[in-house]
Amino acid sequence: MPDLKAAPVVSAAHLHKSGIKMIVDLDSFSDEVKNPLNLALVAILLYLLTPVIQAILPKDPNKPIPTSHLEAYSWMPAKHADTILWKEYTPRSLRPYDGTNPDHSVPILFAIQGKVYDVSSGRSFYGPGGPYGNFAGRDASRGLAKQSFDEDMLTPVDSPIDDLADLSPAEWQNLREWESHFRTKYFQCGDFVPNE
């Protein structure tokens, strides 16, 4: 069995002589705390640690979840956005989406160049009485290409889809610009296909 000896007693004076300061000098400590730079660093540290401390603390179960970006940085919408099923629309099946339904939950749709767009957010333009209202629920390609809102620009719903073969290069360019506008502003929700 090894011979256990008592540990040598080291005095504070001995540690101080060897370069180790064991006793806290309260006067110099209070001076360091009062230093404006140290106060600023402590404030910054507390600011940075606040989210960590809040994450650790228990949450109030009765506090409602914010439903707007105006209420809190982290929020959740009150309900999920309505979804639209991507599907194929024919001239006949597109017709009911002309905005005349009094229930505004039915979207306003129209077709351009074989694509169907939901233009409900522009109800004042594409709904009944709007400047483009005659295009709602229809193929608007010819009317947009020719910049005409006349009824004769619309292909009857029982006819084949207009192939637009007689459009001039300028009218094709005009149609491409309209299509670009709709692609960036509205949601494409389907394809426009011939009647069965």
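Here, the structure is the one placed above.
Residues numbered from 1 in each chain as written. Predicted model: local features only at pLDDT ≥ 70, side-chain atom pairs only at ≥ 80, totals over all residues. Heavy atoms only, no water.

As a further point, take the packing of aromatic side chains. Throughout the structure, instances matching the rule amount to 15 aromatic pairs. Centroid distance Tyr132 to Trp178: 5.8 Å. Interplanar angle 70°. Geometry classified as edge-to-face. Of the two residues, Tyr132 is situated in the loop between α5 (123–126) and α6 (141–146) and Trp178 in helix α7 (residues 169–185); the sequence distance between them amounts to 46 residues. Summarising the burial analysis for this pair, Tyr132 and Trp178 share the class buried. Aromatic pair Trp178 and Phe182: ring centres 5.8 Å apart, planes at 25°, arrangement stacked. Of this pair, Trp178 and Phe182 both sit in helix α7, separated by 4 residues, roughly a single helical turn. With respect to class, Trp178 is no different from Phe182; both count as buried. Pairwise contacts between aromatic rings join Phe110, Tyr117, Phe125, Tyr126, Tyr132, Phe135, Phe149, Trp178, Phe182 and Tyr186 into one cluster. (Phe/Tyr/Trp six-rings, centres within 6.5 Å; stacked < 30°, edge-to-face > 60°. Helix = DSSP H or I, 4+ residues; strand = E, 2+ residues; numbered from the N terminus. Buried < 20%, exposed > 50% of the residue type's maximum accessible area, 1.4 Å probe, protein only.)

By size, the foremost hydrophobic cluster in this structure holds 19 residues, and its most contacted members are Phe110, Ile112, Val119, Tyr126, Leu144 and Phe182. Those elements that provide at least two residues to this core are β2 (109–112), α6 and α7. Among the elements that line this core, the one with the most residues is α7, at 3 residues. In contact with Phe182, other than residues within four places in its own chain, are Phe110, Ile112, Tyr117, Val119, Tyr126 and Leu144. Ranked by size, the runner-up nonpolar core spans 8 residues in total, among them Tyr89, Leu94, Tyr97 and Cys189. (Core = buried A, V, L, I, M, F, W, Y, C linked by side-chain atoms within 4.5 Å. Contact = heavy atoms within 4.5 Å.)

Here 3 bridges tie strand β1 (residues 87–89) to strand β4 (residues 187–192), and the two strands are oriented parallel to one another. Looking at the pairing, Tyr89 lines up with Phe192 of β4. Sheet topology note: the strand β3 (residues 115–118)/β4 ladder contains 4 bridges and is antiparallel. Bridge pairing in β4 links Val116 to Gly190. (Pairing = 2+ DSSP bridges.)

With that out of the way, let us pick up α7. Here α7 contains 17 residues, and its C-alpha end-to-end distance of 24 Å stays within 8% of the 24 Å for a straight helix at 1.5 Å per residue. Listed as buried for α7 are Glu171, Asn174, Leu175, Trp178, Glu179 and Phe182. Relative to the axis of α7, the buried residues are bounded by an arc of 140° and lie together on one face. Residues of α7 that are exposed and point over 90 degrees away from its buried face: Pro169, Ala170 and Thr184. Considering only its buried residues, α7 is in contact with β2, β3, α5 and α6. (Expected span 1.5 Å × (residues − 1). Arc of directions from axis to C-beta.)

Its 21 residues give helix α3 (residues 36–56) an end-to-end C-alpha distance of 30 Å, which sits within 8% of 30 Å, the value for a rise of 1.5 Å per residue. If you look at α3, its biggest bend is around 40°, right at Leu49, and the proline Pro51 turns up within four residues after that. Measuring from the side-chain oxygen of the N-cap residue of α3 to the backbone nitrogen of Leu37 gives 3.0 Å; that N-cap residue is Asn35. (Bend = angle between axes of the 7 residues up to and from the residue. Polar contact = N/O pair within 3.5 Å; in protein donor to acceptor, adjacent residues only side chain to side chain.)

Any functional reading would require information beyond the geometric quantities listed.
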